[in-house]
Amino acid sequence: MSADGRAGNPPRLFGHEQAVEVDDSVLWSRAHTGDSQAFGLLFERHARTIYNFCFRRVANWATAEDLVSLVFLEAWRRLDKPIPRGKELPWLFGIATNVVRNRRRAERRHDAALGRVPRPRPEPSFADDSVQRLDDEELMGRALGLVARLPRREQEVFALCAWSELSYEDAAIALGIPVGTVRSRLSRARARLRELDPGSGHDGERMQTIKEAVE
Amino acid sequence: MKGDLSIPPLRDLPPGRLAKRREHLLFEITRERESRGALARPWPSRWGRPGRRRLGALAAAVLVVVVGTASAFSGVRAFFLERGFIGLPPEGATPSAPESGKLVLHWHGRSATHARVDARAGYVAPLVHAWVYADGRMIWSREGRPPGRAIHEGANEFTSGYLEQRLTPDGVELLRSAAVALFDRTRALLETVPDDSWPGPNTGLALFVPPRDFWGSVEIPKGDRLLGLQWQPTTWCAPRCMVKGTTATPEQLSALRRVEALVSDPAAVLPSSAWAVREIRAYVPSHYAVCIKTSPPKDASDLLPLLPTRAADVLRDRGRTRFDSDLLEAREAGRIVVLGREVTYCSKLTTEEAREVIQPLSGFPQPRTRPAPWLAPSRNWNTLEYRLAEAVNNLNPTTISFDPYLPHGQFLLNGGGG
């Protein structure tokens, strides 16, 4: 019999951090003072968001996973940079944008070894959602192929605002540019994509289309 | 066209990876902090003398640059090469050293240790390759991830890619002696073969084993040759045996299972004294086998024009080895039909030369296969391969592949998987 009176169910002890949601700014400050566990909490909180953002920039889940690690390591190296309170996530998006950009530069220089890792043989016993992930990569590769026809700066704004649903203000923080510039770049990106988009419809319940994003 | 414009839904990191990534991140942070801490220590008082202050500041600045660069590099390397990879390593990855090594043992087969029952596929066992070298390196690859024993270092969900660990001399001897014990127990069988025609892993003599011991082969050096022994289930002998062999005795089975357990799950079986570096890292080769495969056979000079000019230029004047083989197809009742002949030309290139060949190939398609009826066709999972020309006469398409050279100077064509 356990302390809470239910056989087989050990009492669950809640620490302050688990019972009360500590906001990102507090964790960021604590990380700045050397609390790596606080930074670990930030990682747990935002890794999924950054993972999906990176995937939508590279169309490869394995590469996206590597990039998430690089983004957070780079973020830790820049903890002493002043960030507006509550804008830690946009700041992470900004670092992610730079990490993806740097990776693309390196890729152009030599090869796409990481970016075009051959797809695994789908043996279902080892990962149930692997086939879906393979489909994701093909689908995302096609979408990126279209967006890649935009200038790089417009691609970045589009990825942040349309695919990751950042506000103009947050995208401006992420990219270190004025809000007005975000608006104008996004507007140009949408206009170009409307020209490029042959008129897609909504493709299934869970899919988001560029057409939705440009409207 | 609407499929071209859709983007997939959000997904979580694969199970277990979030915790592993967090752990690595905190490890890297701690390491960087320690590096910075070392630099932040006050300089000894003798550096305070006026004449040396400027020199000291300069030296400190240089040190910051050197340590900072090294730290950043090691951070990137740790993240990228903590896992195996397929194809070429990221630029700047440190190749495995030394470049060449003397092979002590090669094991290849389906692992009974990691076998399990799958709802759709039945009783499945991952394919394992392991090479052990006299210098202590153990290079291995394993297909898939057994549940609960995830290979976080894997290249993808279905293969570990080539990974490397380091054994102590005791560890090498432990593995070698286990393999030798297996050979000792099969000496009577092997001695029926003349000394100058020892069988390789895919020919010659076999031990017939119970079905759940699967199949495999082990090789150890004998003089300047490799001595090989293979095993296969007795069920493969219906309606007739394709190789000469004998049913394994209990002693032989025991020796076989011991070797299998040692090479396919060394982390669980080997004592800590066997490990020089237990941490698993990607094996980064110095050279790649770049192979063009086509059927029906053509001359190599007829295949180079299929490549972009830059890639063809790298391969044009390189030495190449030609491999000829039959294209076989299994039919009903164990009947094998020869569909035609296939030829493969392989050149040995440095990693940087291989990059030069790959770069202009980026727009080429990657062949897709359907390994099981219930699965979607997928690109090859264990090798980097591009299709240069479509198949003709129902044979195979013409492809170019990139496989790493191992320290003993051999490579596995197309990753040796499947």
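Just so you know, these numbers come straight off a predicted model, no measurement behind them. (Residues numbered from 1 in each chain as written. Chains lettered and ligands numbered in written order. Predicted model: local features only at pLDDT ≥ 70, side-chain atom pairs only at ≥ 80, totals over all residues. Heavy atoms only, no water.)

### Section: the overall build of chain A
Within chain A, the regular secondary structure consists of ten helices and one strand. Order of helices (α) and strands (β) in chain A, N terminus to C terminus: α-α-α-α-α-α-α-α-α-β-α. Summed over all atoms, the accessible surface of chain A reaches about 9800 Å², with 48% contributed by carbon and sulfur. (Helix = DSSP H or I, 4+ residues; strand = E, 2+ residues; numbered from the N terminus. Areas by Shrake-Rupley, 256 points an atom, 1.4 Å probe, with all protein chains shown as cover.)

### Digging into the overall build of chain B
Looking only at helices and strands, chain B features nine helices and 19 strands. Here chain B, with 418 residues, has 49% of them falling under the buried criterion. Nonlocal contacts in chain B, meaning residues at least 24 apart in sequence, comprise 67% of its contacts between residues at least 6 apart. Of the roughly 19600 Å² of accessible surface on chain B, 56% is carried by carbon and sulfur atoms. (Buried < 20%, exposed > 50% of the residue type's maximum accessible area, 1.4 Å probe, protein only. Contact = heavy atoms within 4.5 Å.)

### Some details on the pattern of salt bridges
One pass over the structure, following the stated rule, counts 29 salt bridges over all chains. The residue Asp23(A) makes a salt bridge to Arg85(A) at a minimum N-O spacing of 3.6 Å. With a gap of 62 residues between them, Asp23(A) in the loop between helix 1 (16-19) and helix 2 (24-32) and Arg85(A) in the loop between helix 4 (61-77) and helix 5 (88-109) connect regions that are remote in the sequence. Notably, a salt bridge pairs Arg83(B) with Glu65(A), separated by 3.7 Å at the nearest N-O pair. Taken together, the residues span two chains, with Arg83(B) in the loop between helix 2 (50-80) and strand 2 (103-110) and Glu65(A) in helix 4. (Salt bridge = Lys/Arg side-chain N within 4 Å of Asp/Glu carboxyl O.)

### Regarding the nonpolar core
Grouped together as the largest cluster of nonpolar side chains are 63 residues, with contacts concentrated most on Phe39(A), Ile50(A), Val71(A), Phe72(A) and Trp163(A). The element best represented in this core is helix 3 (residues 36-58) of chain A, accounting for eleven residues. Leaving out residues up to four positions away in the same chain, Ile50(A) has contacts with Val68(A), Val71(A), Phe72(A), Leu89(A), Leu92(A), Phe93(A) and Ala96(A). Val128(B), Trp140(B), Ala255(B) and Leu262(B) belong to the second-largest nonpolar core, a separate cluster that totals 34 residues. (Core = buried A, V, L, I, M, F, W, Y, C linked by side-chain atoms within 4.5 Å.)

### Describing the pairing of strand 9 (residues 216-222) of chain B
Residues and elements named next belong to chain B. Taken across its seven residues, strand 9 has five buried, putting it largely inside the fold. Where strand 2 and strand 9 come together, four bridges link them in antiparallel fashion. Its bridge partner being in strand 9, tryptophan 107 is matched across the sheet by valine 218. Both strand 9 and strand 10 (residues 225-233) contribute to a ladder of seven bridges, which runs antiparallel. (Pairing = 2+ DSSP bridges.)

### Some words on the packing of aromatic side chains
As enumerated under the stated definition, the model contains ten aromatic pairs over all chains in all. Here the aromatic rings of Phe39(A) and Phe72(A) are separated by 6.2 Å at their centres, their planes lie at 70°, and the arrangement is edge-to-face. Here Phe39(A), found in helix 3, pairs with Phe72(A), found in helix 4; they are 33 residues apart in sequence, far enough to count as distant. Each member of the pair, Phe39(A) together with Phe72(A), is buried. Centre to centre, the rings of Tyr386(B) and Phe402(B) are 6.5 Å apart; their planes meet at 85°, and the pair counts as edge-to-face. Separated by 16 residues along the polypeptide, Tyr386(B) in strand 18 (residues 384-389) and Phe402(B) in strand 19 (residues 398-404) bring together distant segments of the chain. Here the two residues Tyr386(B) and Phe402(B) agree in accessibility, since each one is buried. An aromatic cluster is built from Phe39(A), Phe43(A) and Phe72(A), whose rings are joined through pairwise contacts. Here Lys348(B) stacks its cationic end above the ring of Tyr405(B), 4.8 Å away from the centre of that ring. (Phe/Tyr/Trp six-rings, centres within 6.5 Å; stacked < 30°, edge-to-face > 60°. Lys NZ or Arg CZ within 6 Å of the ring centre and 35° of its normal.)

### Notes on helix 8 (residues 309-316) of chain B
Every buried residue belonging to helix 8 of chain B is among Ala311(B), Ala312(B), Val314(B) and Leu315(B), and all of these are buried. Along helix 8 of chain B, the residues classed as buried sweep out an arc of 160° about the axis, all on the same side. (Arc of directions from axis to C-beta.)

### What to know about the environment of Phe364(B)
Residues and elements named next belong to chain B. With respect to the helices and strands, phenylalanine 364 occurs in the loop between helix 9 (351-358) and strand 16 (368-369). A relative accessible area of 22% places phenylalanine 364 in the partly exposed class. Taking C-alpha positions, phenylalanine 364 is 6.0 Å from tyrosine 386, a pair spaced 22 residues apart along the chain. If we ignore the near neighbours within four places in the chain, the residues touching phenylalanine 364 are Leu306, Pro308, Tyr386, Arg387 and Leu388.

### Focus: helix 3 of chain A
Every α-helix winds through 3.6 residues per turn, so residues three or four apart in the chain are directed the same way. Residues and elements named next belong to chain A. Between its first and last C-alpha atoms helix 3 spans 29 Å; for 23 residues at 1.5 Å apiece the expected length is 33 Å, and the helix comes up short by more than 12%. The buried fraction of helix 3 is high, at 17 of 23 residues. In this structure aspartate 35 caps helix 3, since a side-chain oxygen of it lies 3.0 Å from the backbone nitrogen of glutamine 37. In the stretch just after helix 3, alanine 59 is the one whose phi turns positive, near 60°. (Expected span 1.5 Å × (residues − 1). Polar contact = N/O pair within 3.5 Å; in protein donor to acceptor, adjacent residues only side chain to side chain.)

### As for the packing of helix 8 (residues 168-175) of chain A against helix 9 (residues 179-196) of chain A
Residue and element names in this part refer to chain A. Between helix 8 and helix 9, the shortest axis-to-axis distance is 8 Å and the interhelical angle comes to 105°. The orientation of helix 8 relative to helix 9 falls into the category roughly perpendicular. Side by side, helix 8 and helix 9 meet where Tyr168, Glu169, Ala171 and Ala172 of the first sit next to Val179, Val182, Arg183, Leu186 and Arg190 of the second. (Axes fitted to C-alpha atoms, helices over the stretch in contact; angles between N-to-C directions. Parallel < 35°, antiparallel > 145°, perpendicular 65-115°, else oblique.)

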